Amino acid sequence: SHVNIALTVARAGGILLDFNSGLIVILVMRRLMTWIRNSTLGRDYLPVDEFIKFHKYLGFFILIFSIVHTIGHCVNLCKF
């Protein structure tokens, strides 16, 4: 079977784009942010108390995954 790598890359970029866009929404959910802040993940790995820094990280990843998603579709469009 033929595997369309460009379409796979576009789908992966889209999934990661959806995930990071969902994280942006989580920033305004106060109870959830309190729970994350008190968890090991929040204490050791995520800068949840630095909302601007966290927001900038998510924005950067959304930009990167948007580019990956778009390039995957463009390559797929040109190939087929």
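Residues numbered from 1 in each chain as written. Predicted model: local features only at pLDDT ≥ 70, side-chain atom pairs only at ≥ 80, totals over all residues. Heavy atoms only, no water.

Break down the overall build of the protein for me, citing the residues and quoting the values.
Helix and strand counts for the protein stand at four helices and zero strands. If you list the helices and strands of the protein from N to C, you get α-α-α-α. Relative to a compact globule of 80 residues, whose C-alpha radius of gyration would be 12 Å, the protein shows 16 Å and is clearly more extended. Considered along the principal axes of its C-alpha atoms, the protein spans approximately 50 × 25 × 20 Å. When burial is assessed residue by residue, the protein has 24% of its 80 residues classed as buried. (Helix = DSSP H or I, 4+ residues; strand = E, 2+ residues; numbered from the N terminus. Rg over C-alpha atoms; globule rule 2.2 N^0.38 Å. Buried < 20%, exposed > 50% of the residue type's maximum accessible area, 1.4 Å probe, protein only.)

Residue-level account of the packing of aromatic side chains, with values.
For any pair of aromatic rings, the description rests on two quantities: the centre-to-centre distance and the angle between the ring planes. With the rule as written, the count across this model stands at two aromatic pairs. Between phenylalanine 61 and phenylalanine 65, the aromatic rings sit 6.2 Å apart at their centres with planes inclined by 20°, giving stacked as the arrangement. You can see phenylalanine 61 and its partner phenylalanine 65 sitting in helix α4 (residues 51-79), four residues apart, about one turn around the helix. Overall, the relative accessible area of 18% leaves phenylalanine 65 in the buried class. (Phe/Tyr/Trp six-rings, centres within 6.5 Å; stacked < 30°, edge-to-face > 60°.)

Residues and numbers for α4, please.
A rise of 1.5 Å per residue sets the reference length of α4, with its 29 residues, at 42 Å; its end C-alpha atoms lie 42 Å apart and thus fit the reference within 8%. Among the structural elements, α1 (5-26) are those in contact with the buried residues of α4. (Expected span 1.5 Å × (residues − 1). Contact = heavy atoms within 4.5 Å.)

Can you break down the nonpolar core residue by residue, with the values?
Among soluble globular proteins, nonpolar side chains are generally buried collectively. Within the largest apolar cluster, six residues are counted, these being Leu27, Met33, Ile36, Val48, Phe54 and Leu58. Of all the secondary-structure elements, those providing two or more residues to this core are α2 (30-38) and α4. With residues up to four places along the chain from it excluded, the contact list for valine 48 reads Met33, Ile36, Arg37 and Gly42. (Core = buried A, V, L, I, M, F, W, Y, C linked by side-chain atoms within 4.5 Å.)

Run through the confidence of the model for the protein, naming residues and quoting values.
Averaged over the protein, the pLDDT score is 86; the fraction of residues at 70 or greater is 96%. Within the protein, the element-level pLDDT minimum falls on α2, averaging 84, and the maximum on α1, averaging 91. (pLDDT = per-residue confidence, 0-100.)

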